Amino acid sequence: LKVLPDFVDFHAEHNRDLPWAIFPSKTGSGPESISFFEYAKATHRIAHVFDHIRKESENRVVAVLIHCDTILYSGLLAGMFRAGLVVSTSFIHST
C-alpha cells in the first residue's frame, strides 16, 4: 500500500510547515502541532527500523504490540507501509 506514504511525502514537499495534527499541550498553554514535514521524517525513521526487521525475517509473521495514541499509531502504520510490510491491524479496546 503506497497511498499513505505517498500522501505523506506529497504534503511534506508541498505543505511542509502546515500542521498534520493539532493537539493540546501538556502544559495547557495552548495547542501544539506536528507539521507534515515532521510527520514524514518520523515515518521514514520508522520505515528504516522495520526495513531491517523485514530483511531479517523473510517470509515470517512479525507481531507488534503497542499501546499508544492515535498520532504515534498512524506514524507507525505509515512507516510500516513505507518499509514494504503487509500490515494487518487489530484493536483491543480497554476502558
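In this report, the structure presented in the accompanying data block is examined. Remember, it's a predicted structure, so these values are computed and weren't measured experimentally.

What about the overall build of the protein?
For step 1, the next point in the chain: Tallying secondary structure elements over the protein gives three helices and two strands in all.
For step 2, the next point in the chain: Ordered by position in the sequence, the α and β elements of the protein form the string α-β-β-α-α.
For step 3, the next point in the chain: Considering only C-alpha atoms, the protein reaches an extent of 45 × 40 × 20 Å along its principal axes.
For step 4, the next point in the chain: Each of the 95 residues in the protein was classed as buried or not, and the buried ones make up 27%.
For step 5, the next point in the chain: Contacts spanning at least 24 positions in sequence make up 52% of the contacts within the protein whose residues lie at least 6 apart.
For step 6, the next point in the chain: Accessible surface, the protein: about 7300 Å² in total, of which carbon and sulfur atoms supply 58%.
For step 7, the next point in the chain: Counting 9 positive and 10 negative side-chain charges, the protein places the averaged centre of each group 5 Å from the other.

Some points on the pairing of strand β2 (residues 31–35)
For step 1, the next point in the chain: In the sheet, strand β1 (residues 19–24) pairs with β2 via five bridges, with the strands oriented antiparallel. In the strand pairing of β2, Pro24 is matched with Pro31.
For step 2, the next point in the chain: Where β1 hands over to β2, the hairpin turn is made up of six residues, of which Gly28 adopts a positive phi near 80°.

Digging into helix α3 (residues 70–82)
For step 1, the next point in the chain: For α3, spanning 13 residues, the distance from its first C-alpha to its last is 18 Å, which sits close to the expected 18 Å at 1.5 Å a residue.
For step 2, the next point in the chain: Every buried residue of α3 is listed here: Tyr73, Ser74, Gly75, Leu76, Leu77, Ala78, Gly79, Met80, Phe81 and Arg82.
For step 3, the next point in the chain: Structurally, α3 contributes buried residues whose contacts are with α1 (3–14), β1 and α2 (36–56).
For step 4, the next point in the chain: N-cap assignment for α3: the residue whose side-chain oxygen lies 3.3 Å from the backbone N of Ile71 is Asp69.
For step 5, the next point in the chain: Phi for Gly84, located one or two positions after α3, is positive at around 90°.

Points about α2
For step 1, the next point in the chain: Between its first and last C-alpha atoms α2 spans 30 Å; for 21 residues at 1.5 Å apiece the expected length is 30 Å, and the two agree.
For step 2, the next point in the chain: All of the buried residues along α2 are Phe36, Tyr39, Ala40, Thr43, Ala47, Phe50 and Asp51.
For step 3, the next point in the chain: Where the residues of α2 are buried, they touch α1, β1, β2 and α3.

Thresholds, definitions, all that
- What you see as residue numbers is a count from 1 along each chain, following the sequence as written.
- Confidence filtering applies because this is a predicted model: local features only for residues at pLDDT of at least 70, side-chain atom pairs given and counted only at 80 or more, and all residues used for totals across whole chains, interfaces and linings.
- Note: side-chain values were computed over all heavy atoms of the structure, leaving out hydrogens and water.
- Counting from the N terminus, the helices are DSSP H or I runs at least four residues long and the strands are E runs at least two residues long.
- We call a residue buried when its accessible area falls under 20% of the maximum for its residue type, exposed when it is over 50%, and partly exposed in between, using a 1.4 Å probe and counting protein chains only.
- Any two residues whose heavy atoms approach within 4.5 Å are treated as being in contact.
- Only the protein chains shown count as covering a residue, and every accessible area follows the Shrake-Rupley method with a 1.4 Å probe.
- Positive charges come from Lys and Arg alone, negative charges from Asp and Glu alone, with His and the N- and C-terminal ends not counted.
- Think of each charge as sitting on NZ of Lys, CZ of Arg, CG of Asp or CD of Glu.
- At least two DSSP bridges between two strands are required for those strands to pair.
- Here the expected span of a helix is defined as 1.5 Å times the quantity of residues minus one.
- Polar contacts, as used here, are pairs of N or O atoms within 3.5 Å; protein pairs need one atom able to donate a hydrogen and one able to accept it. Residues neighboring in sequence count only if both atoms are side-chain atoms.

On their own, these measurements won't tell you what the molecule is for.
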